[in-house]
Amino acid sequence: MHTTFDPLNARYPSQRFPLYARGGMVNCSSPQAAAAGLEALRQGGNAMDAAVAAAAALTVTEPTANGIGSDAFALIWSQKEQRLFGLNASGPAPMLADAARVLSDGRDENGRMPAHGWTSVTVPGAPGAWAAITARFGRRSLLNNLSPAIRYAREGYPCAPNLAAAWARSFRQYRDTLKAPCFDSWFKTFAPGDRAPEAGDLITLPDHADTLQAIGETNAESFYRGELAKRIDAESRRFGGYLRYDDLAAFRPLWVEPIRVNYRGYEVCEIPPNGQGIAALMALNILNQFDFPEKETPLTYHRQIEAMKIAFSDAFRYVTDPKYMELSYHDLITPAYGAMRAKEIGARAQRHVAALPPKSGTVYLCCADGAGNMVSYIQSNYMGFGSGIVVDGTGIALQNRGADFSLDPAEANVLRPGKRSYHTIIPGFLMKDRKNVGPFGVMGAYMQPQGHLQVVMNHVDFCLDPQQALDAPRWQWLRDGSVTVESRFDPAMAKALAALGHDVRFDPDTPSFGRGQMIVRLDNGVLVGGTESRTDSNIALF
């Protein structure tokens, strides 16, 4: 029996430093996925090829957070076109799914969408994202970009410590709660021998390899309009799901115009709704009204937290598929609206509610190449492995993004056929003077816009390099009104925040504060990268 190492109880915590490169850089939460991206660069690919290679590899090397059945978003800087592109590859609800039907079928959990099972499954977008990015920007074929992932799945890779810990948590939860036959394939795929892998175990996923091969050979057509789509449809029908072949066949990723806020001379860019990146922009737009000469002060943290609370109050009220929003999302990030909401921040913590504007928690990776192209990319099964559904014999673990829909017809994010849900995963990008500065992101459900805010301010306001911007202790506002802080957070600062009326609690669960990556391009073209110390992250560079 080999020794199992526990990263959460390390005796000698390590210290990371920013890494510098010229020819290219790939930052990932998995060393193997970073190596896959680097392989694409070394074989003549660009940053876009590297992003697809790394993203596909992550479905194999970090299945605890994403899978072939994930959604995806990307912000892509094309050096040739001198322009930032946005890609929304989140899938809609099946056409058979609506709130009334879920309730009448008795598939709800006390008036809420269920977290697991076929009811929470929406159309997966990640394979479509890989094909769309490769077709528009890539130098290599999709099959070539997926080849490292196929190799890892077929030949195996060693399980890393944080991956083992996340896998074990999911296994215990699923073993105790997911008893229906529709979940049998998850256990067969991810827990053979009725156990989760331990650190150092060799993991092989042959079904993943076959499916990724088919996706690569057909430019994802098999997944949406071919044999794999038929197998997904058949499995859904077998277990009473709403997803059908026609839902998959109708899917196309959307190229969208990024939204942005000018924050102290930098353009902070996000994907527009249905993503929650606008929450980070709303908070930064509010914080533009204040000066922050020092990072480590109670007033700095207080204003950050209050701005984030205001932003979430609006995001939860208004953000959904933009076709169903009652107002234009642009109105939520105007300077006038930021100034109006900033006046609500007083000397003490408050509860905030949504206001009308004046008229007028996933895997994240980032890549850059020597030519100046850059990609900020994120994909997720939402809650860990997702719905708990694996299409038998394919390795396709389906997301449970539909769990975020409301079943209340009065709410903006109510479930409707063909509708995209409020989406937590968000890539970020920094620009200045119309030039690319670099990609960044922080994984972790509703921590994500809070992580974006903190990383941006750490870099822009407090001049921290990418590694320090990521490593700085974080806080997180929770929907119950409390504020959790990491165990490394200054106790005196936490006490001062409590005196201002914040319900502050220390949380030892470091991964809950997000897992991020960042690359900054210097004026001379040198790339500076930071990678998350809270997970099995790695930077591959040359």
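Residues numbered from 1 in each chain as written. Predicted model: local features only at pLDDT ≥ 70, side-chain atom pairs only at ≥ 80, totals over all residues. Heavy atoms only, no water.

Enquirer: How should I be thinking about the side chain of Glu39 in this particular structure?
Expert: Tracing the backbone shows Glu39 in helix H1 (residues 31-42). Of the polar contacts made by the side chain of Glu39, one reaches the side chain of Arg151; its length is 2.8 Å. Beyond its immediate stretch of four places on either side in the chain, Glu39 contacts Ser147, Pro148 and Arg151. (Helix = DSSP H or I, 4+ residues; strand = E, 2+ residues; numbered from the N terminus. Polar contact = N/O pair within 3.5 Å; in protein donor to acceptor, adjacent residues only side chain to side chain. Contact = heavy atoms within 4.5 Å.)

Enquirer: Please explain the pairing of strand E9 (residues 266-270) as it appears in this structure.
Expert: The two faces of a sheet get side chains in turn, since along a regular strand they alternate between them. Burial analysis of E9 places five of its five residues in the buried class, the great majority of the element. Burial along E9 is two-sided: the face carrying Tyr266, Val268 and Glu270 and the face carrying Glu267 and Cys269 are both buried. Both E9 and strand E14 (residues 428-432) contribute to a ladder of four bridges, which runs antiparallel. Directly across from Cys269, in E14, lies its bridge partner Phe429. (Buried < 20%, exposed > 50% of the residue type's maximum accessible area, 1.4 Å probe, protein only. Pairing = 2+ DSSP bridges.)

Enquirer: Before we go on, may I ask you to explain helix H6 (residues 161-177) in this structure?
Expert: The α-helix winds at 3.6 residues per turn, so residues separated by three or four positions along the chain end up facing the same way. Between its first and last C-alpha atoms H6 spans 25 Å; for 17 residues at 1.5 Å apiece the expected length is 24 Å, and the two agree. Among all positions in H6, only Asn162, Leu163, Ala164, Ala166, Trp167, Ser170, Phe171 and Tyr174 are buried. The inward-facing, buried residues of H6 abut helix H2 (47-61), strand E5 (157-158), helix H7 (184-190) and strand E6 (202-203). (Expected span 1.5 Å × (residues − 1).)

Enquirer: Got a minute to help me understand the sheet that holds strand E16 (residues 475-477) in this structure?
Expert: Spatially, the three strands line up as an open sheet ordered E16-E17-E18, and their pairing is mixed. Across the chains shown, the open sheet's two edge strands, defined by having one partner strand only, are E16 and strand E18 (504-507). Across the sheet, the mean angle from the axis of one strand to that of its neighbour is 30 degrees, orientation sign disregarded. Judged from the three bridges that link them, E16 and strand E17 (residues 483-486) form a sheet pairing that is antiparallel. When the bridges of E17 are listed, Trp475 appears paired with Val485. (Axes fitted to C-alpha atoms, helices over the stretch in contact; angles between N-to-C directions.)

Enquirer: Even after reading the chapter, I still don't get the environment of Ala229, so can you show me in this structure?
Expert: Within the secondary structure, Ala229 sits in helix H10 (residues 227-238). For the pair Ala229 and Leu248, spaced 19 residues apart in the sequence, the C-alpha separation amounts to 6.7 Å.

Enquirer: Explain the pattern of salt bridges to me, please; I cannot follow it from the model alone.
Expert: Pairs may arise between side chains of opposite charge once their charged atoms sit close together. The final tally for this structure, using the stated rule, is 24 salt bridges. Residues Glu221 and Arg225 are paired through a salt bridge, measuring 2.9 Å at the closest nitrogen-oxygen approach. Of this pair, Glu221 and Arg225 are both found in helix H9 (residues 221-225), four residues apart, which corresponds to roughly one turn of the helix. On the basis of relative accessible area, Glu221 is assigned to the partly exposed category, the value being 36%. When the shortest N-O distance is used, the salt bridge between Glu344 and Arg341 registers 2.6 Å. A single network of salt bridges, built from pairs that share partners, joins Arg474, Glu486, Arg488, Glu532 and Arg534. (Salt bridge = Lys/Arg side-chain N within 4 Å of Asp/Glu carboxyl O.)

Enquirer: How should the sheet that holds strand E7 (residues 254-256) be read in this particular structure?
Expert: In sheet architecture, strand pairing relies on hydrogen bonds along the backbone and comes in two forms, parallel and antiparallel. Strand order in this open sheet of seven strands is E7-E4-E3-E11-E10-E2-E21, and the pairing throughout is antiparallel. On the outer flanks of this sheet lie E7 and strand E21 (538-541), each paired with one strand and no other. If you compare each strand with its neighbour and ignore which way they point, the axes differ by 15 degrees on average. As judged from the three bridges shared by strand E4 (residues 83-89) and E7, these two strands associate in the antiparallel manner. Looking at the pairing, Asn88 lines up with Leu254 of E7. Contacting strand E3 (71-78), E4, E7 and strand E11 (374-380), helix H4 (residues 126-137) runs over the sheet at an angle of about 15 degrees to E3.

All we've got here are geometric facts, nothing functional implied.
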